[in-house]
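# Architecture at a glance
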Amino acid sequence: MNTEPPGVEIIAGAPVYARDGEGTMVSLPYRRRSENGVVTLLGVVNLRFNIVLPEPPPSGNASLPLGLLVAMAAGLPLRMETPVSPLLLENCDRFQEIHQCFFPDETIVPIRAEATAGTQAAPALGVGSFLSNGVDSLHSILDHRDEITHFIFIIGFDIWLKHSEYAARALTQARETATKLGRPLIVVETNVFDFSHHYIPWPRDGHLVQASIGFLLSPLLGKIIQALDFSYLHFATGPEHPHLYEALCSEDFHIQPSCGKYTRQQKVRRLCQSPEWLPHLRVCWDMPEDRLNCGKCEKCLRTMIGLSIEGASALCPVLPELKPEAVAQLTYSSKSFPFYYDMLEAAEQSPHVSQELLRALRACVHRHQLEDLARKMLPLRHQLTATRRYQQFEKKLRDPLFSLLQRIDEVWLWKKLRRHAADFREDIRKVLRKSHKPLLKQGLRQAWLAKARALFRRKSS
Ligand SMILES: [Zn+2]
């Protein structure tokens, strides 16, 4: 028992259960105690299940994940009002360490909680699977269809509550998938986004909401399968990291990260080999008004490229035909790089990809590699600008040089650096070596590195 006197802290209250029509509403209250001892309500996260949930012995497991992230964001200790699983409590240190690696703005905080006593019940026999109908989620059915007993569909996180029409369409589609496999669909509606976006940048809290839902369903499901976005090869660098899921477990419940051995393109290929799932795909993040996939956003286009590589676009009526010009103009974040390297590699080998699409995909990947490289060169700009040669640059060239490094234009840069490159050749080589090392095993990266080196030698000699 923690006897430390209360100070400024975040307080995670006990989950409150209430019957709500045919289902159950569970409320997770979060409060903050200030310096003068006044306790104010930060917010209440409501989770409405379409089934009657058995109320387990008092446990704070479901309140802990979000409370911990709010406390880490605020840099304040977390006090749990209800006892928590000893295993979960033990794992919280590891969870915080990993989370802080990705998000250094967060603080590792102490947790003031009692551990639940007594012998734990054996885990329930049910096995859940989070279902969004995206590539990862449908693909995990291929590997786990025999063990899955329930599907879980969440509204209020990646689909916001206010987009009720889109949510209804997505739900209908999820029901069709569950019905096709003869498994019940547990629907959870939550206002978590309304609460969390005040305290935690979206989407850091996705896995935590899933863990809270998992703990609440633990009398029914001993584990829930969660399809990973990234393969272990491109080890996820963010809140989807498999170790984070593994840390959020108790004696009677855990989330099993799944399908990490497949890259995204391998998953698309396997889905195309079981094409009955393709009409069920919902990948869009834009929540369009009149359909499930907009066909224009990065996620839709990424999936359309993947299907084209497999020659399966015609088998997927829920996504439009891919236009190469859309690919050439496509922009994506550095987090998505592995998806595109992977697709370009597959496209180079594919008999289904037109030269036009291949050119567009190459241009799109190349542009992002250059931008990535420029971003990685930025920390070296002080060394670069300190060289004697740099001082000889015309002023009008010096100023835009590094702002242009961010939105790098290859031809422009090499042309401008040509006469002055000798002074910072080593620095640039260092960046090239460092930034490309993790992906050197990929032929594409090696080819690009060789090309960049040759180009640099030629330009600077
Ligand atoms: Zn879309």
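Residues numbered from 1 in each chain as written. Predicted model: local features only at pLDDT ≥ 70, side-chain atom pairs only at ≥ 80, totals over all residues.

## Overview of the overall build of the chain
- Scanning the chain from terminus to terminus reveals 18 helices and 11 strands.
- In the chain, which comprises 461 residues, the proportion classed as buried is 38%.
- Contacts in the chain between residues at least 24 apart in sequence constitute 74% of all its contacts with a sequence separation of at least 6. (Helix = DSSP H or I, 4+ residues; strand = E, 2+ residues; numbered from the N terminus. Buried ≥ 20, exposed ≤ 12 C-beta atoms within 10 Å, placed from the backbone. Contact = placed C-beta atoms within 7 Å.)

## Points about helix α3 (residues 135-144)
- With seven of 10 residues buried, α3 is to be regarded as a mostly interior element.
- Taken as a whole, α3 has its buried residues at V135, D136, S137, L138, H139, S140 and I141.
- Residues of α3 that are buried sit in contact with β7 (126-130), β10 (221-227), β11 (254-258), α8 (264-273) and α9 (298-309).

## A closer look at the pairing of strand β2 (residues 16-20)
- Relative to strand β3 (residues 23-33), β2 runs antiparallel, the two sharing five bridges. Looking at the pairing, Y17 lines up with V26 of β3.
- The hairpin formed by β2 and β3 contains two residues between the paired strands, and G21 there has a positive phi angle of roughly 60 degrees. (Pairing = 2+ DSSP bridges.)

## Some details on the nonpolar core
- Core analysis: the largest hydrophobic core is formed by 102 residues, its most contacted members being V70, I152, M343 and L361.
- Ranked by the residues each element gives to this core, the list is headed by helix α1 (residues 64-74), at eight residues.
- Core analysis: the next-biggest nonpolar cluster, separate from the first, contains five residues, A227, L228, F230 and C259 among them. (Core = buried A, V, L, I, M, F, W, Y, C linked by C-beta atoms within 7 Å.)

## Some details on the pairing of strand β1 (residues 9-12)
- In β1, alternate side chains face the same way, and those of E9 and I11 on one face and I10 and A12 on the other are all buried.
- Across four bridges, the pairing between β1 and β3 is antiparallel. From the neighbouring strand, I11 faces β3, where its bridge partner is R31.

## Quick notes on unusual backbone geometry
- Of note, N133 is a non-glycine position whose phi angle comes to about 75 degrees, a positive value.
- Position of N133 relative to the elements: it lies in the loop between β7 and α3.
- For N133, a count of 20 C-beta atoms within 10 Å corresponds to the buried category.
- One non-glycine residue, M287, lies in the positive phi region at around 45 degrees.
- With respect to the helices and strands, the residue M287 is situated in the loop between α8 and α9.

## Some points on α1
- The buried fraction of α1 amounts to 10 of the 11 residues, a majority that puts the element mostly inside the structure.
- By the burial criterion, the buried members of α1 are L64, P65, L66, G67, L68, L69, V70, A71, M72 and A73.
- Two residues or fewer after α1 comes G75, characterised by a positive phi angle close to 70 degrees.

## A word on the packing of α9 against helix α11 (residues 337-349)
- Axis separation between α9 and α11 bottoms out at 10 Å; the angle between their running directions is 20 degrees. One finds that α9 runs roughly parallel with respect to α11. Once α9 is placed against α11, the crossing between them reads as left-handed. The segment α9 lies against α11, with R302, I305, G306 and I309 engaging F339, M343, A346 and A347.
- Residues of the contact of α9 with α11, tallied by class, amount to six nonpolar, one polar and one charged. (Axes fitted to C-alpha atoms, helices over the stretch in contact; angles between N-to-C directions. Parallel < 35°, antiparallel > 145°, perpendicular 65-115°, else oblique. Left-handed = near helix turned anticlockwise from the far one by under 90°. Nonpolar A, V, L, I, M, F, W, Y, C, P; charged D, E, K, R; others polar.)

## Focus on the packing of α3 against α8
- Two elements in contact, α3 and α8, have axes separated by 9 Å at closest approach and are oriented at 60 degrees. The orientation of α3 with respect to α8, classified from their angle, is oblique. Here α3 and α8 pass one another in a crossing that is left-handed. On the side of α3, the interface is formed by V135, D136, L138, H139 and L142, while α8 contributes R264, K267, V268, R270 and L271.

## Notes on the environment of S313
- With respect to the secondary-structure elements, S313 resides in the loop between α9 and α10 (324-328).
- Residue classification places S313 among the buried residues on the basis of 20 C-beta atoms within 10 Å.
- Measuring from C-alpha to C-alpha, the distance between S313 and C272 comes to 9.3 Å, with 41 residues separating the pair along the chain.
- Excluding its chain neighbours within four sequence positions, the residues that come into contact with S313 are M304, L307, S308, E321 and L322.

## Brief notes about the environment of L228
- With respect to the helices and strands, the residue L228 is situated in the loop between β10 and α7 (242-247).
- Assessed through the 21 C-beta atoms surrounding it within 10 Å, L228 is described here as buried.
- Separated by 88 residues in sequence, L228 and S140 place their C-alpha atoms 8.9 Å apart.

## With respect to the confidence of the model for the chain
- Of all residues in the chain, 77% attain a pLDDT of 70 or more, and the chain-wide mean is 83.
- Note that pLDDT drops below 50 for residues 438-444; the model gives that stretch seven contacts with residues more than four away or on any other chain. (pLDDT = per-residue confidence, 0-100.)

## Some remarks on the environment of L221
- One can find L221 in strand β10.
- Each C-alpha atom of the pair L221 and I148 lies 10.0 Å from the other, and the pair is 73 residues apart in sequence.
- For L221, the contacting residues outside a window of four places in its chain are A124, G126, V127, G128 and H150.

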